[in-house]
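Architecture and fold: a report
Given next are the chains, with one letter for each unit.
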Amino acid sequence: MEQDPTLAAVKTYDYLRLALAALVPLLFVSVAIEVSRAGCGLQPSISAYYYTPVHAVFIGVLVSMGVCLIALKGNTDGEDVLLNLAGMLAPGVAFIPTSGAGSCPSSALLAPDVAAFVANSMPALFLAGLVVGVLAVVIARRESGTRGIGSTNRRGILLSVAVLGGGSVWFFLDRGSFIARGHDAAAIPMFLAIIAVVWINARDVNAAVKQGAMPSSRNRFVPIYRSIAVAMLLALVGTVAISLATGSTSVVFWVEVVLISLFAVFWVVQTVELWKRGLRRT
């Protein structure tokens, strides 16, 4: 029996959201295994596990998240642009390690030549982004026909140019600064974009219920989304403030755990809200 294409598309939305949530326990289990084997406490942050046997999982999780975020269509044009922004930044968080490397890994697996790693991975990322950007322009032009590229597509393309172009200029003109600060420069706006996505979902559910596009029972998701967004923002601000005030400590590690856990919770909640729907009707 041939499958209904519409049903298959909705299932794809559900599975992409669940995949984003499932990547979080993958990372946490890998970190937990490393902590138990090291037996000497925590690294200063989740990102510092780049320098431990968690290395492969850390990079794989962030790159996979980036692909999923870009592939997942947002409920609105604004949400879609923010998801694409977060998706573009996620590989940068993976490929540019934090400077706050800890000590006492379970094995002396990694004493990496960070400059060499970054010099190889980032040009590859910029080139891949250029190819994807060109394809996006071609697809947008074909879909728009004689009307020209729509304003939403133009915003997305301009955002891609700004992120990839700005990053590549920084990379080639000031490599030392890029390596020292690039991780935070990618991670902070990535999480801010996700927080904005969560808040937009609260706003849009509330609007859809008021417009009669969704049953009033769906309004229960509004305070859930708002609570997640506020908690994520507080966790992000706390991470930055603690890091600047005290240097890298285990407190940063635990605040990051909360932030990343809330990221997973959001995708689970949105999966429940939009199960068998795909996108929200507004």
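Structure first, text after, so check above.
Worth saying up front: this structure is predicted, and the values here are computed from it rather than measured. (Residues numbered from 1 in each chain as written. Predicted model: local features only at pLDDT ≥ 70, side-chain atom pairs only at ≥ 80, totals over all residues. Heavy atoms only, no water.)

**Considerations on the overall build of the chain**
Under the convention used in this document: Secondary structure elements follow DSSP: runs of H or I no shorter than four residues count as helices, runs of E no shorter than two count as strands, and numbering proceeds from the N terminus. Note on classification: 1.4 Å probe, protein chains only; a residue is buried when its accessible area is under 20% of the maximum for its type, exposed when over 50%, partly exposed between these limits. Pairs of residues are marked as contacts when any of their non-hydrogen atoms sit within 4.5 Å. Throughout, the Shrake-Rupley method with a 1.4 Å probe supplies accessible areas, and for residues the shown protein chains are the sole cover considered.
Per the secondary structure count, the chain includes 8 helices and 0 strands. The order of α-helices and β-strands along the chain, N terminus first, is α-α-α-α-α-α-α-α. Considering the chain as a whole, with its 282 residues, one finds that 45% of them fall into the buried category. Put simply, 77% of the contacts in the chain that link residues at least 6 apart link residues at least 24 apart. With the model as given, the accessible surface of the chain reaches about 14100 Å², and the carbon-plus-sulfur share is 66%.

**Some thoughts on the packing of helix 3 (residues 77-95) against helix 6 (residues 175-211)**
Relative placement of two packed helices is described by the angle separating their axes and the distance separating the axes. Applied cut-off: In this description, a line fitted to the C-alpha atoms serves as the axis of each element, helices being fitted only across the stretch in contact, and the angle between N-to-C directions of two axes falls anywhere from 0 to 180 degrees. Between 65 and 115 degrees an angle is taken as roughly perpendicular, under 35 as roughly parallel, over 145 as roughly antiparallel, and anywhere else as oblique. Note on convention: the crossing is left-handed when the near helix lies turned anticlockwise from the far helix by less than a right angle, right-handed when the turn is clockwise. By the convention adopted, Pro, Cys, Tyr, Trp, Phe, Met, Ile, Leu, Val and Ala count as nonpolar, Lys, Arg, Asp and Glu as charged, and the other residues, Gly among them, as polar.
With their axes 8 Å apart at the nearest point, helix 3 and helix 6 run at an angle of 155° to one another. Looking at the two axes, helix 3 sits roughly antiparallel to helix 6. Helix 6 is crossed by helix 3, and the crossing has left-handed handedness. On the side of helix 3, the interface is formed by E79, L82, L83, L85, A86, L89, A90, G92 and V93, while helix 6 contributes H183, A186, A187, P189, M190, A193, I194, A196, V197, I200 and N201. Classifying every residue of the contact of helix 3 with helix 6 gives 16 nonpolar, 3 polar and 1 charged.

**As for the nonpolar core**
Spelled out, the test is: By nonpolar core we mean a set of buried residues, namely Ala, Val, Leu, Ile, Met, Phe, Trp, Tyr and Cys, connected to one another through side-chain atoms within 4.5 Å.
Ranked by size, the top nonpolar core spans 73 residues in total, and within it M232 and W267 carry the most contacts. Elements represented by at least two residues in this core include exactly helix 1 (5-38), helix 2 (55-71), helix 3, helix 4 (114-144), helix 5 (151-173), helix 6, helix 7 (221-246) and helix 8 (250-273). It is helix 6 that contributes the most residues to this core, 16 residues altogether. If sequence neighbours within four positions are ignored, M232 has contacts with F191, I194, I195, V198, L259, L262 and F263.

**Some points on the packing of aromatic side chains**
Just so we agree on the cut-off: Put simply, two rings from Phe, Tyr or Trp (the six-membered ring, in Trp's case) pair if the centres are within 6.5 Å, and we call them stacked under 30 degrees between planes, edge-to-face over 60, tilted for the rest. To sit over a ring, a charge needs its Lys NZ or Arg CZ within 6 Å of the ring centre and within 35 degrees of the ring normal.
If you walk through the whole model with that rule in mind, you get 12 aromatic pairs. Pairing Y50 with F58 gives two aromatic rings, centres 6.4 Å apart and planes at 90°, and the pair type is edge-to-face. Here Y50 matches F58 in class, with each residue buried. Taking the centre distance of 5.2 Å and the plane angle of 75° together, the rings of W170 and F178 count as edge-to-face. Accessibility expressed as a relative area gives 27% for W170, which makes it partly exposed. Judged by relative accessible area, which is 3%, F178 ranks as buried. Feature note: the residues F126, W170, F171, F172 and F178 constitute an aromatic cluster, connected by ring pairs. Over the ring of F171 we find R175, and its NZ or CZ is 3.8 Å from the ring centre.

**Concerning the pattern of salt bridges**
Condition: Each salt bridge in this description consists of a side-chain nitrogen of Lys or Arg and a carboxyl oxygen of Asp or Glu lying within 4 Å of one another.
Taken as a whole, this structure holds 3 salt bridges when the rule is applied. Put simply, R203 and D204 hold a salt bridge, and the shortest N to O gap is 2.9 Å.

**Things to note about the side chain of N201**
Relative to the assigned elements, N201 resides in helix 6. If we skip the residues at most four places from it in the chain, N201 touches N75, E79, Y225, F266, Q270 and R280.

**What about a nonpolar patch on the surface?**
Definition in use: Each patch is built from salt-bridge-free residues with over 30% relative accessible area, joining like charges within 9 Å and nonpolar side chains (Val, Leu, Ile, Met, Phe, Trp, Tyr) within 5 Å.
On the surface, L127, L130, V131, V134, L135, V138 and I139 cluster together to form a nonpolar patch covering roughly 640 Å² of accessible area. Within the secondary structure layout, L135 lies in helix 4.

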